Amino acid sequence: MQGILKKFSNMHFLSLLGNGSMSIINMVTVALLYRSLPIADNGIWILYQTVTLFIDTFRHGILNTAFIKFYAGAAKARAEEVIGSTWSIAVTISGFFILLNIPMFFLISYVQDKAIVLFIKYLAINLIFSLPSLVAICIAQGELRFDRLLYLRVSNNGLFLLFLLVLFLVNQATLQNIVYANLLAILSASLIALFAGWTKIQFFSKSSTACVKEIVHFGKFTVGTFISSSLFKITDTFIINFLLGPAALAIYSLGQRLMEIVEIPLRSFVATAMPSMSAAYNRGEKTEVIYIMQKYIGMITLLLIPVLLGAFAFSDLAIGLIGGGKYVGTEAANVFRLFMTFALLFPADRFFAIGLDVINKPNINFQKVLVMLVINLVTDFVGIYIFGNVYGITIATLFPTLFAVIIGYKAMQKHYISFNFWDAYQVGFNELKSLIRFTLFKKQETFQNH
C-alpha cells in the first residue's frame, strides 16, 4: 500500500493528473459552451477568451520560469526576497495593463466587434481577480508542489464548469452570464489561494530592486517561450474572426480544442523535465542535459503515433460528442486531423525551447518567436487566399513549427554541445522499452508476491 501511495505522490504523476483533470474539465466546459451558445456567439466567446488569456500569459511568461530559476533551492531570506519581488512585478504588470485599458472605455462606443467590447469592459476586473492565483501557481511550481498546483487549477476551472452547468440547467447560459460566471470562478480560486496561505503575500515587503531587475531581465526573454503558442493563437483567431467570421472561428477552435490530448503529456513532462535539466546544467553535466531532452522528445513523439492513428479514425465521432450535431460535417474534424499530423513536431519544438532556457539562452527563443510570428502571419494570409477557409489557417501552422525545430536544434548545437537530432528518437525508443520491461516485471513480481 505504501508503494502505491508513493507512486501517486510522484511529481510526474501529480503533474500528469493535474493536466489530465484540467483537460477533462475543459472538455466538458467546451461541450456545454458549444451546446449553450449559437455558433456566432461561441466565436465571440472564443475571441474574448483568447485576448484576455493572452494578457495573463504575458504576466505568467515573464514570472514563471524566472521565479523557478531564482527560487528553487534558495536560502530562506533569498526565497522570501524572490517571492516579494514576484508580487511586486505581478502588481506592476497588472497595473500597467489596467492603465492602458482606461482610455479604451472612451472609445468603446466606436467598437463594433462584440468580443472586443467584452474585453475592454472586463479586462481590469480579470487582472485583479486572477492576481493571487498567478503568484500562488508560481510558488507551487517553484516548490514542486504539484498537488497544490492541481488544487489551484481544478478550483478555478472546476468552479467555472459548476457555474456554467447551473446556468445551462436553468436555461440562462447567455454570453453575458457566462462572462460573469468566468469572473466569479477566477475570484473564488484566488480567494482560496489567499486564505490557504499559498500566495505568501506576507513577503510582499521583502521585494528588492536588485531582485526585481534580475527577474525582469531573465523574464523578458523567457516570456517569448511562454507566449509563442498564444501569439499564434491570437493572430489566427483575429484573422479568422475578421476575414472568415465568428462561425468559422468556432468551427476552427473546436478542431483545435481536441489537441488537448497532445498538450496534456507535453505540459506535464515540460513541468517536470525543466527542473531536472536545470539541475544537470548547474552541475556542469552537458551530456545529461542533452540526454534528458532527447529522452522526452523521443518518448513523447513515439507515444503520439498511435494517438495520431486513433485521431484519424475517430475525429468525426469526437467532434459530434464535444460540439454536438450542428458541427458534424463541418471542417472541424479535418482541422483536428491536420493538427494531429503536425503534432509529431511539437515535442522537439517544446523541448528545444526549454533547453535554450536552461542553458541561459532565452534571448534566442525570443528572437525565434518573433520570426515564427512573421512566418505565421504570412502563411495565414496565403492559406486563406489559396483555400478560402479554415484549412488554410490550419496548414499554415506547419511552417513556423518546422522553423522552430530547426532553429532550436541548431542553436543548442552551436551554444552548448553537438548532438545528433535523430538520436532523440532512438533514445526515446530505448527508454520506452525499458519502461515497458520495468512495468511488466513489477506487475509480475507483485502477482507472485500475492
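Residues numbered from 1 in each chain as written. Predicted model: local features only at pLDDT ≥ 70, side-chain atom pairs only at ≥ 80, totals over all residues. Heavy atoms only, no water.

An unreviewed UniProt entry annotates the chain as Lipopolysaccharide biosynthesis protein of Adhaeribacter radiodurans. Per UniProt, the chain carries the Subcellular location (unreviewed entry) text "Cell membrane". (UniProt positions renumbered as here; feature names shortened; annotations may be inferred.)

J.: Give a detailed account of the pattern of salt bridges, specifying residues and quantitative values.
T.: All chains considered together, the criterion is met by eight salt bridges. The shortest N-O distance in the salt bridge between Lys200 and Glu143 comes to 2.7 Å. Of the two residues, Lys200 is situated in the loop between helix H7 (175–196) and helix H8 (209–243) and Glu143 in the loop between helix H5 (114–142) and helix H6 (146–169); the sequence distance between them amounts to 57 residues. The residue Glu285 makes a salt bridge to Arg283 at a minimum N-O spacing of 3.1 Å. According to the relative accessible area criterion, Arg283 is exposed, its value standing at 53%. (Salt bridge = Lys/Arg side-chain N within 4 Å of Asp/Glu carboxyl O. Helix = DSSP H or I, 4+ residues; strand = E, 2+ residues; numbered from the N terminus. Buried < 20%, exposed > 50% of the residue type's maximum accessible area, 1.4 Å probe, protein only.)

J.: Please set out the domain arrangement of the chain residue by residue, giving values where relevant.
T.: When the domains of the chain are assigned, the result is domain 1 (1–207) and domain 2 (221–448). The C-alpha-based centres of domain 1 and domain 2 are spaced at 22 Å. Every contact between the two is made by 37 residues of domain 1 and, on the other side, 38 residues of domain 2. Buried surface at the junction of domain 1 and domain 2, summed over both partners, amounts to about 3,300 Å²; 71% is from carbon and sulfur atoms. Of all residues in domain 1, the largest losses of buried area upon contact with domain 2 belong to Met27, Tyr34 and Ile39, amounting jointly to 19% of the total for that side. The tally of links between domain 1 and domain 2 comes to zero salt bridges. Linking domain 1 to domain 2 there are six residue pairs in polar contact (both at pLDDT 80 or more). Among the secondary structure elements, those contributing two or more residues to the side of domain 1 that touches domain 2 are helix H2 (11–36) and helix H3 (39–71). Among the elements that take part in the side of domain 1 that touches domain 2, H3 stands out by supplying 18 residues, more than any other. Residue composition of the side of domain 1 that touches domain 2, by class: 20 nonpolar, 14 polar and three charged. (Domains from an automatic or database assignment. Contact = heavy atoms within 4.5 Å. Buried area = accessible area lost by both parts, 1.4 Å probe. Polar contact = N/O pair within 3.5 Å; in protein donor to acceptor, adjacent residues only side chain to side chain. Nonpolar A, V, L, I, M, F, W, Y, C, P; charged D, E, K, R; others polar.)

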